[in-house]
Amino acid sequence: MSSIHLESVAKLWGEARALDAISFDTEPGSFVVLLGPSGCGKSTTLRLIAGLDTPSSGRIRIGEKDVTNLPPAERGLSMVFQSYALFPHLSVAENIVFGLRVRKVSTAERERRLARVTDLLGLGHLLERRPSQLSGGQQQRVALGRALIAEQPICLMDEPLSNLDAQLRGDMRREIRALQQRLAITMVYVTHDQVEAMTMADRIILLREGRIEQVGTPDELYEKPRTTFTASFIGAPPMNLIPLEHAGDGWRFAGTDSRAPVNVTSADGLVLGVRPEDLVLDDRGPLAATVVSVEFHGADSLVAARVGEANLLIRVPRHAHFEAGARVRASWAAHHQHLFDARSGLRRDG
Amino acid sequence: MRNGAVTGWLLLLPAAALLVLFTHWPIVGSVWDSFYSTPKGSRPPVFIGLDNYQAMVADEVFWKSLWNNLWFALGTIPVSIALALAMALWVNSTMRGRTWLRMAFFTPTVLPMIAVANIWLFFYTPQYGLLEKLTTALGFGTHNWLGSESTALACVIVVAIWKEAGFFMIFYLAALQSIPPSLSEAAALEGASRGYYLRRIVLPLLMPTTLFILVNAVINAVRMVDHIIVMTKGGPNNATSLLLFHVYQVGFSFWDTGYAAALTVVLLVVLAVAALGQFVFLDKKVHYQ
Ligand SMILES: Nc1ncnc2c1ncn2[C@@H]1O[C@H](COP(=O)(O)OP(=O)(O)OP(=O)(O)O)[C@@H](O)[C@H]1O
Ligand SMILES: [Mg+2]
């Protein structure tokens, strides 16, 4: 087991700043997810840890060792590439043991480890095939096998599930998480899919434009988003964000007459956040909205509505029936309410 | 369904017509002519069976050309392929000025054959040629490179290598660029050295390209004629006479068209066997998809 430490690591591509002095530490044996929208620097971070690129400034440590200038092979890690990077002319078995052959591991040891890994991943009947004769999910497992057989303390994964269909993705998510826990690997996992992040991570590092937006457990990011960006990125669908405006000594929802149950003073505007699943339809609720459409998902429905200029989603159990244009009111528990500063986007507590 | 087949054949027709007219029909014609005597003045060709082929067995120049061609092929093919690969690996790396380098390596291919031959003719010229200047400056004696039987063929081989390597490099370069960079990164993560990666990953992935180049190189070696005509005219004493040059001489210098047709048929058989053998025996080993 190894920990990973980044200290003010920056990466510049010419003039462009892909990473802007980010720092974080990971616990040994933990599952860390790098999450963020496209182009925010997730792959860059991973490649810097792997040693496939070198940082423009800052240090990277693995355990106690400074690895900033070490070649990839000497960092004690394995990696699963987004494209799998399987060798097309080698059989599944040869792909998996490639690294062992390079390091001249004895035949007996090689066979033993291969049997173990193929058992673990259910690849036993595919060993003689070429990668092109495998399905996407099978290829992914071969890539995983190549990473696991090395028995390195750290495993890096760059969006390994992005090419798979929803069903397989769900299965693989559970498999990877279970393997990571069983083998106590330190995992750094890149994704832009917040569901993957929420379901797998011990800790999520949310990136935005080359900076760290928030670090925390999935619970923390969900329950206490530090900014409107986090609020709008975590959760499916994400949190409703409704701007408020001054009304006498209190607040009202921008563009409406409904008063908001908020008694906080602020010179700037405020944004009120409530999750769709925390809203309840309630005829005496403080929030009045106009229904736009209803999306039926099976177990629940998402009612899309408008409050002044803002869009609102309400999660309703079973199949909800509303005409477009219908007026609804909603309420929420006080502890489900989030307030953000309109200008800075930062969370306001109290 | 039937309609689709008709359309398909119609679409193939223009290309097929050209192929038949300029490739297949002349082949059939050559085979036909090789069984007839050469028409002379008012005497029309008569059927003589295998006489032309019997003459070939006794034709010393033919055997000499065949051997020369074999040495020529053995001399040019491995070296030009190895050079092409080395150059492609070099210009595929990320370094400054590689565009310039690629162009430089490719230049011999775009130059007209005749111009190329003339440039090299100047290199090899006795007394004031570039090569002579070099060897005399280094204190070696003078030597008529193209004029002596022992070195003429080697000189022609060098020119062919110089000309072919750049052309083959383009194919290797294209193949190298279709190898995803993540493969080399994955290998690097596993601790594979550059040499190991080259041997175990790159070379096997280049095998289909190598086969293609090999077939082309063999064909080029057997149909080499223009350099010979410009540089040596087959001399001295047939030391650089290659198969196609011999055909050319027999057909268009001596106007013995019947015998030339028989020689052409042998040339075609040699080529067909070589190409077929390469595709049948190597094909299974080089494709992965
Ligand atoms: N080789 C490169 N040269 C120049 N710019 C690059 C290079 N690689 C990445 N970048 C830039 O760095 C920024 C971060 O890229 P990165 O690949 O880390 O994004 P990402 O978070 O992985 O996005 P995605 O989810 O789309 O994969 C982007 O703006 C990208 O354009
Ligand atoms: Mg990426």
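Predicted, not measured: the structure shown is a model, and the values here were computed from it.

### Quick look at the overall build of chain B
The secondary structure content of chain B amounts to 12 helices and zero strands. Ordered by position from the N terminus, the helices and strands of chain B form the series α-α-α-α-α-α-α-α-α-α-α-α. Dimensions of chain B along its principal axes, counting C-alpha atoms only, are 80 × 75 × 30 Å. Taking all 289 residues of chain B together, 40% fall into the buried category. The contacts of chain B with a sequence gap of at least 6 include a subset with a gap of at least 24, amounting to 68%. About 16500 Å² of surface is accessible on chain B, with carbon and sulfur atoms providing 72% of the total. Across chain B, the centroid of the 16 positively charged side chains sits 11 Å from that of the 12 negatively charged ones.

### Let's talk about the overall build of chain A
Each helix and strand in chain A was counted, giving nine helices and 21 strands. In terms of principal-axis extent, the alpha carbons of chain A reach across some 80 × 45 × 35 Å. Taking all contacts inside chain A whose residues are at least 6 apart in sequence as the whole, residues at least 24 apart take part in 64%. About 15600 Å² of surface is accessible on chain A, with carbon and sulfur atoms providing 48% of the total. In chain A, the 41 positive side-chain charges and the 42 negative ones have mean positions that sit 4 Å from each other.

### A word on the sheet that holds strand 10 (residues 211-216) of chain A
Residues and elements named next belong to chain A. Pairing within the open sheet is mixed, and its six strands lie in the order 6-7-8-3-9-10. The open sheet has two edge strands, strand 6 (77-80) and strand 10, and neither has a second partner. In this sheet, neighbouring strand axes are inclined to one another by 15 degrees on average, regardless of whether the strands run parallel or antiparallel. As judged from the four bridges shared by strand 6 and strand 7 (residues 154-158), these two strands associate in the parallel manner. From the neighbouring strand, V80 faces strand 7, where its bridge partner is M157. Running over the sheet, helix 1 (residues 42-50) touches strand 3 (31-35), strand 6, strand 7, strand 8 (186-191) and strand 9 (203-208) and is turned about 150 degrees from strand 7.

### Considering the packing of aromatic side chains
Evaluated as defined, the whole model comprises 18 aromatic pairs over all chains. Centroid distance F98(A) to Y196(B): 5.8 Å. Interplanar angle 65 degrees. Geometry classified as edge-to-face. One end of the pair, F98(A), is in helix 3 (residues 98-102); the other, Y196(B), is in helix 9 (residues 194-222), on a second chain. Side by side, F98(A) and Y196(B) carry an identical accessibility label, which is buried. Where W32(B) meets Y36(B), the ring centres are 5.7 Å apart and the plane angle is 25 degrees; that geometry is what we call stacked. Residue classification places W32(B) among the exposed positions, given a relative accessible area of 56%. Here Y36(B) falls in the partly exposed class, since its relative accessible area comes to 21%. Through pairs of rings, three or more aromatic residues link up here, namely W120(B), F123(B), Y124(B) and W162(B). For K11(A), the ring lying beneath its charged end belongs to W13(A), and the centroid distance is 4.7 Å. Taking NZ or CZ as reference, R146(A) lies 5.1 Å from the ring centre of F87(A), over its face.

### A look at the packing of helix 3 (residues 60-92) of chain B against helix 4 (residues 98-110) of chain B
Residue and element names in this part refer to chain B. Where helix 3 contacts helix 4, the axes come no closer than 9 Å and their chain directions differ by 160 degrees. The orientation of helix 3 with respect to helix 4, classified from their angle, is roughly antiparallel. Crossing handedness for the pair helix 3 and helix 4: left-handed. Across from M87, W90, V91 and N92 in helix 3, the residues of helix 4 making contact are R98, L101, R102 and F105. Residues belonging to the contact of helix 3 with helix 4 are distributed by class as follows: five nonpolar, one polar and two charged.

### What to know about the sheet that holds strand 1 (residues 4-13) of chain A
Pairing between the strands of a sheet is mediated by backbone hydrogen bonds and can be parallel or antiparallel. All names here are of chain A. Reading across from one edge, 2-1-4-5 is the order of the four strands in this open sheet, with antiparallel pairing throughout. On the outer flanks of this sheet lie strand 2 (16-26) and strand 5 (65-66), each paired with one strand and no other. Judged from the five bridges that link them, strand 1 and strand 4 (residues 57-62) form a sheet pairing that is antiparallel. Bridging from a neighbouring strand, A10 pairs with S57 of strand 4.

### Examining the domain arrangement of chain B
The domain boundaries assigned to chain B delineate domain 1 (1-32) and domain 2 (61-285). Computed from C-alpha atoms alone, the centre-to-centre distance between domain 1 of chain B and domain 2 of chain B is 32 Å.

### Focus: the pattern of salt bridges
Scanning the entire structure with this criterion turns up 21 salt bridges over all chains. Between E94(A) and R101(A) there is a salt bridge; the shortest N-O distance is 2.7 Å. In this structure R101(A) comes out as partly exposed when scored by relative accessible area, which is 29%. Between E94(A) and R200(B) there is a salt bridge; the shortest N-O distance is 3.6 Å. Of this pair, E94(A) sits in helix 2 (residues 92-96) while R200(B) sits in helix 9, which puts the two residues in different chains. Here R200(B) falls in the partly exposed class, since its relative accessible area comes to 24%. Linked through salt bridges whose partners overlap, the residues forming this network are E109(A), R112(A), R113(A), R116(A) and E151(A).

### Here's the deal with a nonpolar patch on the surface
Residue and element names in this part refer to chain B. Residues V57, W63, W67, L70, W71 and L74 make up a contiguous nonpolar surface patch of roughly 680 Å² in combined accessible area. In terms of residue count, the dominant contributor to the nonpolar patch is helix 3 (five residues). Position of W63 relative to the elements: it lies in helix 3.

### What about the interface of chain A and chain B?
If you look at the interface, chain A gives 24 residues, while chain B gives 18 residues. Buried surface at the junction of chain A and chain B, summed over both partners, amounts to about 1900 Å²; 66% is from carbon and sulfur atoms. Per-residue buried area on chain A facing chain B is highest for H89(A), F98(A) and V102(A); these three make up 29% of the total on that side. Our count for the chain A to chain B interface comes out at three salt bridges. Between R47(A) and E185(B) there is a salt bridge; the shortest N-O distance is 2.8 Å. Inspection of the chain A/chain B interface yields three residue pairs in polar contact (both at pLDDT 80 or more). Elements that contribute at least two residues to the side of chain A that touches chain B include exactly helix 1, strand 6 and helix 3 of chain A. With four residues, helix 3 of chain A is the single largest residue contributor to the side of chain A that touches chain B. In terms of residue class, the side of chain A that touches chain B is built from 14 nonpolar, four polar and six charged.

The rules behind the values
Residues numbered from 1 in each chain as written. Chains lettered and ligands numbered in written order. Predicted model: local features only at pLDDT ≥ 70, side-chain atom pairs only at ≥ 80, totals over all residues. Heavy atoms only, no water. Helix = DSSP H or I, 4+ residues; strand = E, 2+ residues; numbered from the N terminus. Buried < 20%, exposed > 50% of the residue type's maximum accessible area, 1.4 Å probe, protein only. Contact = heavy atoms within 4.5 Å. Areas by Shrake-Rupley, 256 points an atom, 1.4 Å probe, with all protein chains shown as cover. Lys, Arg positive; Asp, Glu negative; His and termini not counted. Charge placed at Lys NZ, Arg CZ, Asp CG, Glu CD. Pairing = 2+ DSSP bridges. Axes fitted to C-alpha atoms, helices over the stretch in contact; angles between N-to-C directions. Phe/Tyr/Trp six-rings, centres within 6.5 Å; stacked < 30°, edge-to-face > 60°. Lys NZ or Arg CZ within 6 Å of the ring centre and 35° of its normal. Parallel < 35°, antiparallel > 145°, perpendicular 65-115°, else oblique. Left-handed = near helix turned anticlockwise from the far one by under 90°. Nonpolar A, V, L, I, M, F, W, Y, C, P; charged D, E, K, R; others polar. Domains from an automatic or database assignment. Salt bridge = Lys/Arg side-chain N within 4 Å of Asp/Glu carboxyl O. Patch = residues over 30% accessible without salt bridge, like charges linked within 9 Å, V, L, I, M, F, W, Y side chains within 5 Å. Buried area = accessible area lost by both parts, 1.4 Å probe. Polar contact = N/O pair within 3.5 Å; in protein donor to acceptor, adjacent residues only side chain to side chain.

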